[in-house]
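# Architecture at a glance
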Amino acid sequence: STIHACSTGTNTLRFRRSCSAHDAMTRVSLSALRHTHRHLLHHRALLSQQKQRSNKATARCARHTQTRRRKYTIMASSVAAGTIAAFAAPLSMSVGLFAWGENWKGSAFALNLFKNATATVAFLAVSIVAAYVRGQQAFAGDATAAGWLVCSGLIGIVVGDTLWLQALARIGAARTIFVDALKPFTAAAFGRLFLNEAELSALAYVGVALTSVGVTVAAQPQTRELSDEEEEVEEFQDSEKKAGANTFALGYAMALGNVILDTYGAVLTKQHGSESFTAFEISAIRFGCSAAILLATGLA
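Bear in mind the structure is a predicted one, so any value in this text is a computation, not a measurement.

### Examining the overall build of the chain
Looking only at helices and strands, one finds 8 helices and 0 strands in the chain. Its helices and strands in sequence order give the chain the pattern α-α-α-α-α-α-α-α, from N to C terminus. Relative to its 300 residues, the chain shows a buried fraction of 23%. Sequence-distant contacts, at least 24 apart, represent 84% of the contacts inside the chain between residues at least 6 apart. When the accessible surface of the chain is summed, it comes to about 20600 Å², and 64% of that surface belongs to carbon and sulfur atoms.

### Some thoughts on helix α3 (residues 143–180)
Between its first and last C-alpha atoms α3 spans 32 Å; for 38 residues at 1.5 Å apiece the expected length is 56 Å, and the helix comes up short by more than 12%. A distance of 3.4 Å separates the backbone nitrogen of Thr144 from a side-chain oxygen at the start of α3, and that oxygen is part of Asp142.

### Focus on the packing of helix α2 (residues 108–134) against α3
The geometry of α2 relative to α3 is characterised by a closest axis approach of 9 Å and an angle of 125° between their N-to-C directions. Between α2 and α3, the angle falls in the class oblique. Along this stretch, α2 crosses α3, giving a crossing that reads as right-handed. Seen from α2, the contacting residues are Ala108, Leu111, Asn112, Lys115 and Asn116; seen from α3, they are Ile157, Val158, Asp161, Thr162, Leu165 and Gln166.

### Side note on the packing of aromatic side chains
Summed over all chains, the structure comprises 5 aromatic pairs. Between Phe190 and Tyr264 the ring centres are 6.5 Å apart and the planes differ by 85°, which places this aromatic pair in the edge-to-face class. One end of the pair, Phe190, is in helix α4 (residues 183–194); the other, Tyr264, is in helix α7 (residues 245–272), with 74 residues separating them in the sequence. The exposure class assigned to Phe190 is buried, which follows from its relative accessible area of 17%. An aromatic cluster is built from Phe123, Phe280 and Phe287, whose rings are joined through pairwise contacts.

### Some details on the side chain of Asn116
Following the sequence through the fold, Asn116 ends up in helix α2. Apart from residues lying up to four places away in sequence, Asn116 is in contact with Ile157, Phe287, Ser290, Ala291 and Leu294.

### Description of the pattern of salt bridges
A pair can form between side chains of opposite charge whenever their charged atoms are brought close. Counting across every chain of the model gives 4 salt bridges. A salt bridge links Lys183 to Asp262; its shortest N-O distance comes to 3.0 Å. With Lys183 in helix α4 and Asp262 in helix α7, the pair connects residues that are 79 residues apart, well separated along the chain. Residue class for Asp262 comes out partly exposed when judged on its relative accessible area of 23%. With its nearest N and O atoms 2.7 Å apart, the salt bridge here joins Lys270 to Glu197. Placement of the pair is Lys270 in helix α7 and Glu197 in the loop between α4 and α5 (202–219), with a sequence separation of 73 residues. Given the relative accessible area of 47%, Lys270 is considered partly exposed. Each of the salt bridges in this network shares a partner with another, and the network as a whole consists of Asp180, Lys183 and Asp262.

### A few points about the side chain of Asn112
With respect to the helices, strands and loops of the structure, Asn112 is situated in helix α2. Engagement of the side chain of Asn112 in a polar contact is seen with the backbone oxygen of Ile157, the distance being 3.1 Å. Beyond its immediate sequence surroundings of up to four residues, Asn112 is in contact with Ile157, Val158, Asp161, Thr162, Leu165 and Leu294.

### Regarding unusual backbone geometry
In the Ramachandran plot, Phe139 falls in the positive-phi region, its phi being about 55° despite a non-glycine side chain. Position of Phe139 relative to the elements: it lies in the loop between α2 and α3. You will see that Asn196, though not glycine, has its phi angle at about 55°, which is positive. One can find Asn196 in the loop between α4 and α5.

### Regarding the environment of Ala209
Along the chain, the position of Ala209 falls in helix α5. Between the alpha carbons of Ala209 and Phe185 there is a distance of 8.3 Å; along the sequence they are 24 residues apart.

### Concerning the confidence of the model for the chain
Per-chain confidence: the chain averages 78 in pLDDT, with 76% of residues scoring 70 or above. Averaged pLDDT values for the elements of the chain fall to 50 in helix α6 (residues 228–243) and rise to 91 in helix α8 (residues 279–299).

What counts and how
Residues numbered from 1 in each chain as written. Predicted model: local features only at pLDDT ≥ 70, side-chain atom pairs only at ≥ 80, totals over all residues. Heavy atoms only, no water. Helix = DSSP H or I, 4+ residues; strand = E, 2+ residues; numbered from the N terminus. Buried < 20%, exposed > 50% of the residue type's maximum accessible area, 1.4 Å probe, protein only. Contact = heavy atoms within 4.5 Å. Areas by Shrake-Rupley, 256 points an atom, 1.4 Å probe, with all protein chains shown as cover. Expected span 1.5 Å × (residues − 1). Polar contact = N/O pair within 3.5 Å; in protein donor to acceptor, adjacent residues only side chain to side chain. Axes fitted to C-alpha atoms, helices over the stretch in contact; angles between N-to-C directions. Parallel < 35°, antiparallel > 145°, perpendicular 65-115°, else oblique. Left-handed = near helix turned anticlockwise from the far one by under 90°. Phe/Tyr/Trp six-rings, centres within 6.5 Å; stacked < 30°, edge-to-face > 60°. Salt bridge = Lys/Arg side-chain N within 4 Å of Asp/Glu carboxyl O. pLDDT = per-residue confidence, 0-100.

See below:
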């Protein structure tokens, strides 16, 4: 009985030790499970944060892409509009020059006044209508900028265009256009000097030169065989031209003065007026003030 009791006690002790070891292993397993669960929760939170960051980055990238696309679209539209305007400006100038040269019989001063008054009415109407369509107030720019526009109109339109029209009367449309072909080079030089613009490349200068040569060649009158009577008239006109060589030289000087003054007036316009007024408003201010100055000068 004593031996049986000892054996039973030993087995009980072994059972308790086994249960204790099993409980310890269970606690370790539960602890490991809790740690794994916390790790999984932390990993899920990290994944969620990374997904949110990725979504935000994707949204920012999409907005940036849309902004750049809109910016490039606006730039492309501006470049296209500027290119069309650059081609249309000399064309319309040449058409107007030949039209005035053939049909206007009055003085250059009167022609400049008439031209400015007509342009003022047109640009005022377009400026007011454009501002109404945009829902904005017309001519709401800075007063200082408007003063600079008046100054640019005085230099480029009142004085410059008067010289241009005087040159047209003295040397004719073809020779005046020949001198006007210097304006692209003058504009490039003034842009570099006064506006800190990038210097044109050699290829750009070649393009400007070819354009100027093309305009000059296209403006030259067509030659044809003359009859005997026309040859006599031509000889008489040549003698008259030789007698009026000084007037001829003065015409070229006036055309060159127009190139310089007109280009500098455009520089002042870009420096002080391009950010405060629209293109139509700038033209209305310049032509309107120039017409007023010419009218006051004529009345005086």
